[in-house]
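Letter by letter, the chains look like this.
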Amino acid sequence: MKRIYLDRLENRGGIGIYGVDAELIPAGTTLYSMSAKDKNAEYKRYADTYDLRFIFDDNIPEIDFYTVPHIDIFAQDSLGGLFGTIGQITDMESDSPICYIDKNKNCFFVADNLKAFLGLLPSEEDWKTHNIFNHDVTFYRSKADAARSLDFLEIPHSFETSSR
C-alpha cells in the first residue's frame, strides 16, 4: 500500500480521505504549550522532582527538526531532551504513545500513553528504565527535506476546515 504524508504544521484540523488506496501518515513536529497562567505547584513539583518541565508559552523550546510520523512535544528536561506524543496532539485521554527525544535526536518509546507515562514517575522504576529505541521515527531538517523522499498530500488552503 502506498504511503502519503500529511503535514500537521499546515493542516491542524481533522481530515478525511476517501477512495484512496493509501495509508495517510501525519508528519511534522508541533508544540503543545500551556498558558503561563496555568503554572502551579504541581507543575513545579514535576520539574523539581522528575526533571519533567511541561512547556508553557513563556518558555518555548526551539525545535530544529521535522519528524515522520508527527510528534507533538509537550515537555522538556534539563539535559536538552524533549517528551512528545506520537501521531496525535497531546491529550491525557489519548492512547497515543509517548516518546523521549534526546539532544542527539535519538527517539525512545517511553510509555503507551500519557497516563501510563505519568504513572511511571513516582515509582522506583522511573521512565528511563522503560526506554526502548524507536526505529519508526525519522528526523529531517525540514518539511522540504522530508519531501525529497516522501509523497505529501497537498491540500489547497481553501479546502481546509481547521479551527485556526
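Look up a bit, the structure's there.
Small disclaimer: the values here were computed from a predicted structure and weren't measured.

It is worth spelling out helix H1 (residues 41-50) at this point. Those residues of H1 that sit buried are Tyr46, Ala47 and Tyr50. Axial view of H1: buried residues confined to an arc of 115 degrees, hence all on one face. Exposed positions of H1 whose direction lies more than 90 degrees from the buried face are Ala41, Lys44 and Asp48. Looking at the buried side of H1, the elements it contacts are strand S4 (53-54) and helix H2 (114-120). The N-capping residue of H1, defined by a side-chain oxygen 2.9 Å from the backbone nitrogen of Glu42, is Asn40. Following H1 by one or two positions, Asp51 has its phi on the positive side, about 55 degrees.

This part covers the pairing of strand S7 (residues 82-86). With five of five residues buried, S7 is to be regarded as a mostly interior element. In S7, alternate side chains face the same way, and those of Leu82, Gly84 and Ile86 on one face and Phe83 and Thr85 on the other are all buried. The pairing of strand S6 (residues 71-76) with S7 spans five bridges and is antiparallel. By the bridge assignment, Gln76 is partnered in S7 with Leu82. The loop that links S6 with its antiparallel partner S7 comprises five residues; one of these, Gly80, has a positive phi angle of about 90 degrees.

Moving on to the environment of Leu121. Tracing the sequence through the fold places Leu121 in the loop between H2 and strand S10 (132-133). Leu121 sits in the buried class, given a relative accessible area of 5%. C-alpha separation for the pair Leu121 and Tyr50, spaced 71 residues apart in sequence, amounts to 6.8 Å. Setting aside residues up to four positions removed in sequence, Leu121 forms contacts with Tyr46, Tyr50, Leu52 and Trp127.

What counts and what doesn't
Residues numbered from 1 in each chain as written. Predicted model: local features only at pLDDT ≥ 70, side-chain atom pairs only at ≥ 80, totals over all residues. Heavy atoms only, no water. Buried < 20%, exposed > 50% of the residue type's maximum accessible area, 1.4 Å probe, protein only. Helix = DSSP H or I, 4+ residues; strand = E, 2+ residues; numbered from the N terminus. Arc of directions from axis to C-beta. Contact = heavy atoms within 4.5 Å. Polar contact = N/O pair within 3.5 Å; in protein donor to acceptor, adjacent residues only side chain to side chain. Pairing = 2+ DSSP bridges.

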